[in-house]
Amino acid sequence: MVTLQDIQAARERLRTALRPTPCPASDYFTEKTDCAVVYFKLENLQRTGAFKERGALNKLLTLTDDEKRRGVIAASAGNHAQGVAYHARRLGIRATIVMPERTPLIKVTRTRDDYGARVVLKGANFDEAYAEALRIQAAENLVFVHPFNDAHVIAGQGTIGLELLEQCPDLDLVVVPVGGGGLISGVAVALKESNPRIQVVGVQASTIASMKASLDAGKRTELTAAGTTIADGIAVKVPGELTFEHVRKYVDAVVTVDEEEIAAAILMLLEQEKSVAEGAGATGLAALINGRIPQAKGKRVAIIIGGGNIDMNVISRIIERGLVKAGRLVQLEVRLPDRPGMLARLTTQIAEMRANVVDLHHDRAFSKAGLGEATVEVMLETTGHAHIQELMAALESQGWQVART
């Protein structure tokens, strides 16, 4: 088991290479929840965009000269890959990274092009990439740097816990994303061995909650029918042997959140905190906002934003879906007489109702409207659901048929 002394030693190794990340209080989310204070530990501000470089660097700094000469290999959905690749390059160590084929492009290009690692894309998920990495390791006699099931990696991640104790000495509860369990293992050891009163709660995506399933079963359990998730950084089908024992000993609870809740949390962090979080990094906020952590009520809570390496196309889709859900973007189908000037009347009415046209399609030939009618599909920016209802009522008052699509 990793000890508090191991984590303290890791912090001394990392001190000159990694700066502590900020942990500001959030006025907005403190007001929106029943917590006394909500803090965000911003690991998305690390050089490689995620907490993973703490454990990766601690591991690399413990290698022997012979191991450094042989080179290292890792399997990762992206963040561990970047941490290993970046610091291996700094230390003059050759690095090979095996990543799942569906890893976000931003993580692949940064690992390969920015940090100089050899990247191998293999498998549909982390576990298949991991199997390929083990094969290459044996064939090329490389040193394996595990993303979570390694004592030095766990100790490196645990340095976050030491920083939290200094930045927020009166903390009651810490919320941590959970995949394989390396982050929560290290953080829980640091917190519980320093102040057992502090609660530690892990959060997983409900589609692939292997740690929760393992805790419920009382033993490590592999998910044979795991789904996909936008929280790709924590998409692990079976937790590590070492991490499972740490979680079972130190962690108070593990809860889950669904995909819509994760997407909404990403959008809220963007809009309210001006902070970019990837899916895994936003799970803690998703759990708090959606009532998955009732024990947080009235407590001083820190949420670890584990990473911010998210594909811009994914952000774009999340923003659009979030705007639709909030009633700030709507698509209407309006059926109106096919006469000159009717389209102008429609857009005038929309303008008078203070809605903004984003896109408009006027269809005669392929719509289901009757002869002498036309269908107009119009996408609008609105201020909310009440505004949409007012707008639809105004259009219907003109004698037009209106429906949301």
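Since we're looking at a predicted model, the values are computed, not measured.

What counts and how
Residues numbered from 1 in each chain as written. Predicted model: local features only at pLDDT ≥ 70, side-chain atom pairs only at ≥ 80, totals over all residues. Heavy atoms only, no water. Core = buried A, V, L, I, M, F, W, Y, C linked by side-chain atoms within 4.5 Å. Buried < 20%, exposed > 50% of the residue type's maximum accessible area, 1.4 Å probe, protein only. Helix = DSSP H or I, 4+ residues; strand = E, 2+ residues; numbered from the N terminus. Contact = heavy atoms within 4.5 Å. Axes fitted to C-alpha atoms, helices over the stretch in contact; angles between N-to-C directions. Parallel < 35°, antiparallel > 145°, perpendicular 65-115°, else oblique. Nonpolar A, V, L, I, M, F, W, Y, C, P; charged D, E, K, R; others polar. Pairing = 2+ DSSP bridges. Domains from an automatic or database assignment. Buried area = accessible area lost by both parts, 1.4 Å probe. Salt bridge = Lys/Arg side-chain N within 4 Å of Asp/Glu carboxyl O. Polar contact = N/O pair within 3.5 Å; in protein donor to acceptor, adjacent residues only side chain to side chain. Left-handed = near helix turned anticlockwise from the far one by under 90°.

S.K.: I tried to follow the nonpolar core on my own but got confused; where do I start?
M.R.: General note: in soluble globular proteins, nonpolar side chains tend to be found buried as a group. Ranked by internal contacts, the top residues of the largest apolar core, which has 38 residues, are F40, I293 and I303. At the level of elements, β1 (37–42), β6 (173–177), β7 (199–205), β8 (253–257), α12 (259–273), α13 (279–289), β9 (300–305) and α14 (312–325) are the ones that each hand at least two residues to this core. Residue contacts for I303: discarding those within four places in its chain leaves V38, Y39, F40, K41, V175, G284, L285 and L288. Judged by nonpolar contacts, the second largest core, of 35 residues, contains V2, C23, L183 and I184.

S.K.: What is the right way to read the packing of helix α1 (residues 4–14) against helix α3 (residues 52–61) from this model?
M.R.: Between two packed helices, the angle of one axis relative to the other and the distance separating the axes together describe the packing. Close contact between α1 and α3 brings their axes to 10 Å; oriented N to C, the two are set at 85°. In terms of axis orientation, α1 runs roughly perpendicular to α3. Here A10, R13 and L14 of α1 lie close against α3, whose contacting residues are R54, L57, N58 and L61. Looking at side-chain class alone, the contact of α1 with α3 contains four nonpolar, one polar and two charged residues.

S.K.: How do you make sense of the sheet that holds strand β4 (residues 118–121) when you look at a structure like this?
M.R.: If you trace the four strands from one edge of the open sheet to the other, you get β4-β3-β2-β5, paired in parallel fashion. Two strands close off the open sheet at either side, each with one partner strand: β4 and β5 (143–144).

S.K.: What is the right way to read the domain arrangement of the protein chain from this model?
M.R.: Much of the literature gives interface size as the accessible area that the parts lose upon coming together. Considered domain by domain, the protein chain is made up of domain 1 (4–51 + 150–319), domain 2 (72–141) and domain 3 (327–404). For domain 1 and domain 2, the distance between their C-alpha centroids amounts to 23 Å. Between domain 1 and domain 2, the residue contacts involve 16 residues of the former and 17 residues of the latter. Summing the contributions of domain 1 and of domain 2, the shared interface buries around 1300 Å²; its carbon and sulfur component is 52%. At the junction of domain 1 with domain 2, the criterion picks out zero salt bridges.

S.K.: Mind showing me how you'd approach the side chain of H146 here?
M.R.: Of note, H146 is situated in the loop between β5 and α8 (151–167). Within polar-contact distance, the side chain of H146 engages the backbone nitrogen of F148 at 3.0 Å. At 2.8 Å, the side chain of H146 forms a polar contact with the backbone nitrogen of N149.

S.K.: I'm lost on the packing of α3 against α8 in this one. Help?
M.R.: Where α3 contacts α8, the two axes come as close as 7 Å, and the packing angle between them is 130°. Viewed along their axes, α3 and α8 adopt a mutual orientation that is oblique. Of the two elements, α3 crosses α8, and the hand of that crossing is right-handed. Here K52, R54, G55, N58 and K59 of α3 come into contact with α8, specifically with H152, V153, A155, G156, Q157, T159, I160 and E163. Along the lines of polarity and charge, the residues of the contact of α3 with α8 split into three nonpolar, six polar and four charged.

S.K.: Could you clarify how one ought to interpret unusual backbone geometry in this entry?
M.R.: Negative phi is the rule for most residues except glycine; trans is the rule for most peptide bonds. Despite not being glycine, N141 has its phi angle at roughly 60°, a positive value. You can see N141 is positioned in the loop between α7 (126–140) and β5. In the Ramachandran plot, R354 falls in the positive-phi region, its phi being about 65° despite a non-glycine side chain. Examined against the element boundaries, R354 turns out to sit in the loop between α15 (342–352) and β11 (356–363).

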